[in-house]
Amino acid sequence: SAVISQKPSRDICQRGTSLTIQCQVDSQVTMMFWYRQQPGQSLTLIATANQGSEATYESGFVIDKFPISRPNLTFSTLTVSNMSPEDSSIYLCSVDGQGGTEAFFGQGTRLTVV
Amino acid sequence: GENVEQHPSTLSVQEGDSAVIKCTYSDSASNYFPWYKQELGKRPQLIIDIRSNVGEKKDQRIAVTLNKTAKHFSLHITETQPEDSAVYFCAAHSGSARQLTFGSGTQLTVLP
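What you see is a predicted model; the values in this text were computed from it and never measured.

Peer 1: So what exactly am I meant to see when it comes to the sheet that holds strand β3 (residues 19-25) of chain A here?
Peer 2: Sheet strands pair via backbone hydrogen bonds, and the direction of the pair is either parallel or antiparallel. Residue and element names in this part refer to chain A. Across the sheet, four strands lie side by side as β1-β3-β8-β7; this open sheet has antiparallel pairing. Since the sheet does not close on itself, it has two edges, and those belong to β1 (4-7) and β7 (68-72), each with one partner. Strand-to-strand twist in this sheet, taken as the mean axis angle between neighbours without regard to direction, amounts to 15°. Bridge analysis of β3 against strand β8 (residues 75-80) gives six bridges, and the strand direction is antiparallel. The residue bridging Q24 from the neighbouring strand is F75, located in β8.

Peer 1: Explain the state of the cysteines to me, please; I cannot follow it from the model alone.
Peer 2: Should the sulfur atoms of two cysteines be covalently bonded, the bond is a disulfide. Scanning the entire structure with this criterion turns up two disulfides over all chains. Shown here is the disulfide that connects C23 of chain A with C93 of chain A, its sulfur atoms set 2.0 Å apart. Given an S-S torsion of about 70°, the disulfide between C23 of chain A and C93 of chain A has right-handed geometry. Taken together, the residues span a long stretch of sequence, with C23 of chain A in strand β3 and C93 of chain A in strand β9 (residues 89-96) at a distance of 70 residues. Comparing C23 of chain A with C93 of chain A shows no difference in burial state: the two are buried. The disulfide partner of C23 of chain B is C90 of chain B, and the gap between their sulfur atoms is 2.0 Å. Negative torsions about the S-S bond denote left-handed disulfides, and the value of about -100° found for C23 of chain B with C90 of chain B makes this one left-handed. With C23 of chain B in strand β3 (residues 19-25) and C90 of chain B in strand β9 (residues 86-94), this pair connects stretches of sequence that are 67 residues apart. Here C23 of chain B matches C90 of chain B in class, with each residue buried. Summary of cysteine pairing: C13 of chain A is not part of a disulfide, and the nearest cysteine sulfur, belonging to C93 of chain A, is at 17 Å. A relative accessible area of 8% places C13 of chain A in the buried class.

Thresholds applied
- Residues numbered from 1 in each chain as written.
- Chains lettered and ligands numbered in written order.
- Predicted model: local features only at pLDDT ≥ 70, side-chain atom pairs only at ≥ 80, totals over all residues.
- Heavy atoms only, no water.
- Pairing = 2+ DSSP bridges.
- Helix = DSSP H or I, 4+ residues; strand = E, 2+ residues; numbered from the N terminus.
- Axes fitted to C-alpha atoms, helices over the stretch in contact; angles between N-to-C directions.
- Disulfide = S-S within 2.5 Å.
- Buried < 20%, exposed > 50% of the residue type's maximum accessible area, 1.4 Å probe, protein only.

None of this, on its own, says anything about what the molecule does.
Set out below in structure tokens:
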């Protein structure tokens, strides 16, 4: 299984500001995924990030709000822009396993917007 | 797109009893079905999975069954222990979309 390091683990931010979350993997992976998990809820896919191309966003998520970078095969960032209290959530990065199906998750970033 | 429904949302069992969580999916092209356990404040952890060419898979106290015709799959935990208490998520993977769709989760509580 892949080892995924995600940071920060938590942050408290002022509304209107932006936070960039980093995700580092210990091996090269084709696809990286960003999820949001609101309190007591399931995981919702925000976008899929491929190296060398623009991220693919799911319905309800837009690039201006959640810009993603994927500069190489082991690293990605998700920025939560112009934050509001509704953005308070846990954000998780994920990668495929060797089989291309099973997902392994970073430890998550608990974001609180005040 | 894929839609995964999971039941029940909460489940309480006595220690030593069995627990069963059920999921249905909508996309007949889905071919991989993992189950994740998420303890409070921690990341989801893969506990067992099954592919569409298999009907059942077992790993110690945990088993998963798949009925492709009915498009449902279930997680079975036997001889439950307090440390099994967590939120469990099912998911379905569509090979064409290369992404997982998660169920809504089941909060399992094992009472000592």
